[in-house]
Amino acid sequence: MFRVPFFACRRGRSTFIDCGLAPELCTRLIDKLGISTPTVVQSKSLRAVLEGRHVVVNAETGSGKTLCYLLPSIQALLRISGRQSSPHSLVLVPTPDLAVQVGEVFLSVAGPEVHCSVVYGSSRLSLLPHTHLVVATPTSLMNYDLQRLLRGVQLMALDEADALLTGGQKTATSQLLKMFRNLTGRGELARQVIVAAATLPGGGPQTAGSLLARWLPRDTVYVTTSLTHHTVSSSHHTFTYITETTPTSRDWPAELKLSQLKRDLEDLHGNQSRILVFVNTQSTAELVYQHLIEMGGVTTPPWWVGQVRQLHGGMSVEERGEVVRGVREGEVRVLVATDLVSRGIDLPDITAVVQFDFPENSAHYLHRAGRTARAGKEGQVLSYMEEKDRDLGQEIRRVLDDRSLSFQEIFSRNKMLRRKIKARKSRQSNTLQH
Ligand SMILES: Nc1ncnc2c1ncn2[C@@H]1O[C@H](COP(=O)(O)OP(=O)(O)OP(=O)(O)O)[C@@H](O)[C@H]1O
């Protein structure tokens, strides 16, 4: 039997030239990133973006959504001769770490002669005459003269749009979208919005999907793939119940999970192994990290000692950037991290994700799991579940076991989810009784 390699399946059939990309940019892509063929989602969306349409790209993690908005921005840059008076593109992202990453990908293709301003926290936006792209967390722009910033912006991208349209960034994102929309149609500039998201809950009026549908015009192009709101099929998922019938101390779940983690790290060891361990809080990150490094004292230290690091909100963006660089360069082989790296962060060689703490909701599960098995590679996802995680865990397993179901139906927050589960169970028992 002949099996088509997974990545070949996930590649689009068209070429970048078919999608409307300039030959010069295609050459740069090969030279700078070694990329020659578009992925499925790039094939499906690039032409519409290059034609100036508003586009929503809702596709699985690691499918190449970043280039769906960066390539059209760079293509515009190639056409603009001389210096501009204001930026051409604005990319909004929910975290500083993702802002830094997007800026790096842009510069790696566009070249160092172009200026890209990355803004987050209280850092100041500096607009040099040749600033082509601004990448920012929305709240960090709020003290800036937005009219001046948006004046020349033709392409506004919202990456991880669902995170931008809920929580702490929601007000600032809405304000920027509103101002941008008011500018659209005025003057000679054609302005467009590109949205990228792996998870885009719809349904309720305040969900990101519904909010976007209200913001964007009717002729917006929606691009999805057969894997939208699914985990990629090259990732393999296992669940471990952490239970103790006679707990000996108050910290028993952590103690049992640490023993399980050690066993799993031994099992996952191989020449190429790079493991990302997710925890829910900074204090757990510190605890797990300390535990793993303290094992260096024994006669034969385990393989990870010397190659393990932690990453959490108690560290500066620069310190976190150093750690991420270490993972990319292969010096760090076990990273204990909070959800700061669960969305959008591209660590191409992660071979396994361990969820030491179970995620709070199913969208977090999809994003965390999506840090492995990226761009067609294989990966493992190991999740530790305590009693409190059982309901959510069962729902996630149900969706993973039956590919005809999608995560979309269990995106709601836990309270809602519990209600749904209760309703479904009572429907099931009614059916059995009849
Ligand atoms: N056409 C391509 N061919 C090969 N690799 C590609 C292609 N496009 C992007 N990639 C690589 O695939 C990886 C994932 O891309 P990217 O980070 O854009 O994914 P994503 O869809 O934004 O994922 P997430 O939802 O997790 O943010 C990156 O390492 C990127 O360089």
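What you see is a predicted model, and the numbers here were worked out from it, not measured in a lab.

Next up on the list: the packing of helix α2 (residues 23-33) against helix α4 (residues 65-79). Describing two packed helices takes the angle between their axes plus the distance from one axis to the other. Two numbers describe how α2 lies on α4: the axes approach to 10 Å, and their chain directions differ by 125 degrees. Here α4 runs oblique to α2, going by the angle between their axes. The chirality of how α2 crosses α4 is right-handed. Contacts from Glu 24, Leu 25, Arg 28 and Leu 29 of α2 reach α4 at Leu 67, Leu 71, Ile 74, Gln 75 and Leu 78.

Around the ligand, a shell composed of 23 residues is seen, among which Thr 37, Lys 65, Thr 66, Asp 346 and Arg 374 lie nearest. Side-chain polar atom of Thr 66 to an oxygen atom of the ligand: 2.7 Å apart, as the coordinates give it. Here Asp 346 contributes a side-chain N or O atom positioned 2.5 Å from an oxygen atom of the ligand. Coverage of the ligand by the protein amounts to 88% of the 640 Å² it exposes when considered alone. Judged by the proximity of its atoms to the pocket grid, the ligand belongs to the largest pocket. At three residues, α4 tops the list of elements feeding residues into the shell around the ligand. Tallied by class, the residues present in the shell around the ligand amount to seven nonpolar, nine polar and seven charged. Taken together, domain 1 (23-224) and domain 2 (235-422) each give at least three residues to the shell around the ligand, which thus spans both.

With that settled, consider the domain arrangement of the protein. In many analyses, interface size is given as the accessible surface area lost on bringing the parts together. For the protein, the assigned domains are domain 1 (23-224) and domain 2 (235-422). Put simply, the middle of domain 1 and the middle of domain 2, counted by C-alpha atoms, are 29 Å apart. Of the residues lining the interface, 17 residues belong to domain 1; the matching set on domain 2 comes to 19 residues. Together domain 1 and domain 2 conceal approximately 1500 Å² of surface at their shared face, both sides included; 50% is due to carbon and sulfur atoms. Contact with domain 2 buries area across many residues of domain 1, yet Asp 97, Gln 101 and Thr 199 alone supply 34% of it, more than any other trio. Counting the contacts that link domain 1 with domain 2 gives five salt bridges. Among the salt bridges present, the one from Glu 104 reaches Arg 328, with a minimum N-O distance of 3.9 Å. The tally of links from domain 1 across to domain 2 stands at ten residue pairs in polar contact (both at pLDDT 80 or more). Elements represented by at least two residues in the side of domain 1 that touches domain 2 include exactly α5 (96-110) and α7 (161-164).

Cut-offs and rules
- Residues numbered from 1 in each chain as written.
- Predicted model: local features only at pLDDT ≥ 70, side-chain atom pairs only at ≥ 80, totals over all residues.
- Heavy atoms only, no water.
- Axes fitted to C-alpha atoms, helices over the stretch in contact; angles between N-to-C directions.
- Helix = DSSP H or I, 4+ residues; strand = E, 2+ residues; numbered from the N terminus.
- Parallel < 35°, antiparallel > 145°, perpendicular 65-115°, else oblique.
- Left-handed = near helix turned anticlockwise from the far one by under 90°.
- Contact = heavy atoms within 4.5 Å.
- Near = heavy atom within 4 Å.
- Polar contact = N/O pair within 3.5 Å; in protein donor to acceptor, adjacent residues only side chain to side chain.
- Areas by Shrake-Rupley, 256 points an atom, 1.4 Å probe, with all protein chains shown as cover.
- 1 Å grid on protein atoms, 1.4 Å probe; cavity = no way out; pocket = protein on both sides within 12 Å on 5 of 7 lines; lining within 4 Å.
- Sits in = over half its atoms within 2 Å of the grid points.
- Nonpolar A, V, L, I, M, F, W, Y, C, P; charged D, E, K, R; others polar.
- Domains from an automatic or database assignment.
- Buried area = accessible area lost by both parts, 1.4 Å probe.
- Salt bridge = Lys/Arg side-chain N within 4 Å of Asp/Glu carboxyl O.

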